[in-house]
Amino acid sequence: MILPAFGIVSQIIPTFARKPLFGYASMVYATSSIAFLSFIVWAHHMFTVGLPLQAELFFMYATMLIAIPTGVKVFNWVSTMFRGSMTFETPMLFALAFVVLFTIGGFSGLMLSIAPADFQYHDTYFVVAHFHYVLVPGALFGIIAGVYYWLPKWTGHYYNESLGKFHFWMSFIGVNVTFFPMHFIGLAGMPRRIPDYALQFADFNAIATVGAFVFGFSQLIFLYLLIKTIRGGEKATDQVWEGAEGLEWTIPSPAPYHTFAEPPHVK
Amino acid sequence: MFFRAWQRLSSVVLGLALAPAAMADWGLNMPQGITEVSQSIFELHMLIFWICVWIGVVVFGVMFYSIFKHRKSKGAVASKFHESLGLELLWTAVPTVILIAMAVPATSVLIQMYDTTNSDVDIKITGHQWKWQYDYLGEDVGFFSNLTTTDDEIYNRTEKGENYLEEVDNHVVVPTGKKVRFLITSNDVIHAWWVPEIAVKKDAIPGYINESWAMIPEGQEGIYRGKCAELCGVQHGFMPIVLEAVTADEYQVWLDDQRAGKVAEAAAAQGDFSYDELMVEGAAVYARSCAGCHGTEGQGMGSIFPALAGSPMALNDMAGHIDIVINGKPGSAMQSFSAQLTDVEIAAVITFERNAWGNDTGETVTPKMIIDAKK
Amino acid sequence: MTTATASHDDHGPAKGIMRWVLTTNHKDIGSMYLWFSFIMLLTGGVMALIVRAELFQPGMQLIRPEFYNQMTTMHGLIMVFGAIMPAFVGLANWMVPLMIGAPDMALPRMNNWSFWILPFAFGMLLFTLFTEAGAPNFGWTFYAPLSTTYAPSSVTYFIFGVHMMGISSIMGAINIIVTILNLRAPGMTLMKMPLFVWTWFITAYLLVAVMPVLAGVVTMMLMDIHFGTAFLTRQVVVILYCSNTCSGSLVTLKCI
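Reference entry: report on the structure contained in this document.

What counts as what
Residues numbered from 1 in each chain as written. Chains lettered and ligands numbered in written order. Predicted model: local features only at pLDDT ≥ 70, side-chain atom pairs only at ≥ 80, totals over all residues. Heavy atoms only, no water. Salt bridge = Lys/Arg side-chain N within 4 Å of Asp/Glu carboxyl O. Helix = DSSP H or I, 4+ residues; strand = E, 2+ residues; numbered from the N terminus. Buried < 20%, exposed > 50% of the residue type's maximum accessible area, 1.4 Å probe, protein only. Contact = heavy atoms within 4.5 Å. Buried area = accessible area lost by both parts, 1.4 Å probe. Polar contact = N/O pair within 3.5 Å; in protein donor to acceptor, adjacent residues only side chain to side chain. Pairing = 2+ DSSP bridges. Axes fitted to C-alpha atoms, helices over the stretch in contact; angles between N-to-C directions.

So, on to the pattern of salt bridges. A side chain of one charge can pair with a side chain of the opposite charge if their charged atoms are brought near each other. Residue and element names in this part refer to chain B. Tallied over the entire structure, the rule returns 15 salt bridges over all chains. The salt bridge involving Arg-259 is made with Glu-139; its shortest N-O contact spans 3.3 Å. In this pair, Arg-259 sits in helix α5 (residues 248-269) while Glu-139 sits in the loop between β2 (131-136) and β3 (141-145), placing the two residues 120 residues apart along the sequence. Residue classification places Arg-259 among the partly exposed positions, given a relative accessible area of 26%. As a salt-bridge pair, Lys-227 and Glu-166 come within 2.8 Å of each other at their nearest N and O atoms. Taken together, the positions of Lys-227 in strand β9 (residues 222-228) and Glu-166 in the loop between α4 (151-154) and β4 (172-175) put the pair 61 residues apart, joining distant regions of the chain. Like Glu-166, Lys-227 is buried.

Now the structure itself:
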């Protein structure tokens, strides 16, 4: 379910770097290979259930392979930015945070894929940190970036840029304060899904809780911003973003109830 | 409570400010462990970690360079390049090579971990909701291991002890310098037996026996603590493991003590016990073995774990009460306590349950009645 | 298509609540998906905050362990199936037709249906919080036998909830595949499609392949609990089951 987030980020980065996406074809092939590999790696969640050695090795190698297409995507995004002409509106900020933090989640994923080490990581907070890095600053930041990116097209109004940036920085700080310490308590040996824990884990847990509340309440800023943008705001142009390309930017803002009743011609 | 919360918060903020000096004792990294396998795993872990760090430095380095240099506000003009076959092949090939370099040591460590042959000591470990059972195969020694942290500590009514939630009544004792094989299974749901310092983590699955092993080198005698690592129900966080490594000689002495203790227990069960003695013993056994599900006041929990206070069985049906404690109730969470508790303890706890919390039947269940019921 | 022939005049939406109940417009449905997922995000977020508040200090302060397990389980289920997935479907509904130059989704009535199943599925799931037995408490990976023999009686609602959201996902995914294959504007070849469309195209195939597996697993749970079968109690099947669960709920949803 992270794939559409890859798609969103691949729309946003070229727009704000004012430069075409680097390696379009390899992006498509990388996405397809991730999809294919995801069918044959499922047992990486069960390295400790007592699989035969051969099965364990197979799933370890297959899981490690996923790092290659994922890496290709990250390299392509970075190359798209390289020698571009960048501006940093809120969707771009979320997309950049996605690239950095998702990559960190990818690194911990690579560490988890190494079966012998996974015996120490499995079912600890290290895993919790990993998949929250993939799902929150990964999938969720991708979605939020997409919402900011297309919001002017949907509502016909620009959102308040400073409020958007405030939302971004609060979320960014909150996410990292919440989930980064979980790597440490996981490695130090705290299992997941326990309601109470031994005393040596106390400090990092307290930090994570503070971060979680910051992150949680900063989403109320988002709610306020959404409602405000729907009700009014600076009128958006059809193009919305200077560097945006694609059919969705050829229709008026806000998008009329029916669009493309006559199919457009793509050259 | 809120004052203490505030204190903790201040200490955290202070700790961050004083980092990294304060970080030193916070346990940031995986323990190196004491066995050869755990140290290989630690090395593997650090290897991958540094590889990731360097990849991160390079990739994010380029990225942040572009973010600072190639921004519109600095007058950067976008170039138009959008593909380069050579470059794309290169960054597919380089990670492949790095991955192969990681896979080689990982494979050899994994093969080592799977070699459970030629063991000197075999210990069968059975997970129960929510305790561990250890049987030393061929030695006629076996026991259960329960959490000893009290409810008062958990619910903040007294100060928490040093080994809060990491202490048990019976340690699993292993000799150093010998290859110990663990045969891990479960009686009810899936658990996982994990001691980080020896890098053994295996799921305990009902009807299935998993194997793992550890050889603790001589000179590393000591106490090592671990936990259940697979969600196994309400008290999942309250079934720790305490492993005690002793020298081979001390291990033999310990085995003999265990066997002698068992004989003494059987003899004691033949003796006579007063109502008061049984009530005192029973209260202790109840707190340790029953309160987790049936509640500290016999009030039960939710719809799955019935209340004992005022229950028809505890008030009227003594034979049924003895039977369910000894044999358990198949298909439910009520397990058999026949092997888990001694005859004296079973008698005491049933006596206690029939007289506590307003269940004033006045009846005494003696150890002899338990021995008879078991026949 | 009705939307194509009705384009003689750009008429607006119907008025009142029935606009949203009966709508077949991809933009309306997309907006409903997005608002639904935002509500679920806040719901799951409140659960996460309850969990984090309890974990602030060692010791049990605010809630009991049984409620803690319900919170973690529901947080996982709601965030993955209620927040992340519907948000992506909502974005797809809004943007895929606009990006490929289509007038609407290919199967607009099914589109309406696949959205309106969701509130009922999650209503059923959330309702378990108010039952005597409490909500599911066996983790969102629901390993047997903790999720069968030892589960609270509310597990049946959970199973039907998963069935319903599975139906919704499959219908949504089929709709996206059909739209992308059939409704691209002239000249919009596959290799000209924006990447968002491409990634959704691939994800939709994954969903169609994997949702039935997940549905199969929860059906086995249902049979074990209520009809005395033993799919998930024999040792081999436990392993198979774990694999199914993993391939079903975990891998495709995370795809990494």
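Moving on: the interface of chain C and chain A. Listed per partner, the contact involves 82 residues of chain C and 79 residues of chain A. For the pair chain C and chain A, the two sides together bury roughly 7000 Å², of which 74% comes from carbon and sulfur. Linking chain C with chain A are zero salt bridges, by the criterion used here. Applying the counting rule to chain C against chain A returns 18 residue pairs in polar contact (both at pLDDT 80 or more). Elements represented by at least two residues in the side of chain C that touches chain A include exactly α3 (26-54), α4 (65-100), α7 (195-226) and α8 (235-254) of chain C. It is α4(C) that provides the largest number of residues to the side of chain C that touches chain A, a total of 16 residues.

The subject of this paragraph is the sheet that holds strand β7 (residues 200-204) of chain B. Two modes of strand pairing occur in sheets, parallel and antiparallel, and in both the strands are linked by backbone hydrogen bonds. Residues and elements named next belong to chain B. Read across the sheet, five strands follow the order β4-β10-β9-β6-β7 without closing on themselves; strand pairing throughout is mixed. Each edge of the open sheet carries a strand with a single partner, namely β4 and β7. Pairwise comparison of adjacent strand axes, ignoring direction, gives a mean angle of 25° for this sheet. Summarising the sheet, strand β6 (residues 191-195) and β9 pair through two bridges and their orientation is antiparallel. The partner of Trp-194 across the bridge, within β9, is Lys-227. Packing of α5 onto the sheet brings it into contact with β4 and β10 (241-246), and relative to β4 it is tilted by some 140°.

Moving on: the sheet that holds β3(B). Residue and element names in this part refer to chain B. What the five strands build is an open sheet, ordered β3-β2-β1-β5-β8; its pairing is mixed. A strand with exactly one partner marks an edge of an open sheet, and here the two such strands are β3 and β8 (210-215). Going from strand to strand, the sheet's axes swing by 20° on average, the running direction of each strand aside. The sheet contact formed by strand β1 (residues 121-128) and strand β5 (residues 179-186) spans seven bridges and is parallel. Each bridged residue has a counterpart across the sheet, and for Ile-125 the counterpart in β5 is Ile-184.

This part takes up the interface of chain A and chain B. Tallying the contact residues gives 76 residues for chain A and 79 residues for chain B. With both sides pooled, the region where chain A packs onto chain B buries about 6900 Å², and carbon together with sulfur makes up 71% of that total. Looking only at chain A, the three residues that lose the most surface to chain B are Phe22(A), Phe119(A) and Gln120(A), adding up to 10% of its buried area. With a shortest N-O distance of 2.8 Å, Lys72(B) and Glu242(A) are connected by a salt bridge. Linking chain A with chain B are 20 residue pairs in polar contact (both at pLDDT 80 or more), by the criterion used here.

Let us look at the environment of Glu211(B). Residue and element names in this part refer to chain B. Secondary-structure assignment places Glu-211 in strand β8. With 112 residues separating them in the primary sequence, Glu-211 and Asp-323 have C-alpha atoms 34 Å apart. Other than its neighbours up to four places away in sequence, Glu-211 contacts Thr-116, Arg-181, Phe-182, Leu-183 and Lys-202. There is a polar contact of 2.7 Å between the side chain of Glu-211 and the side chain of Thr-116.

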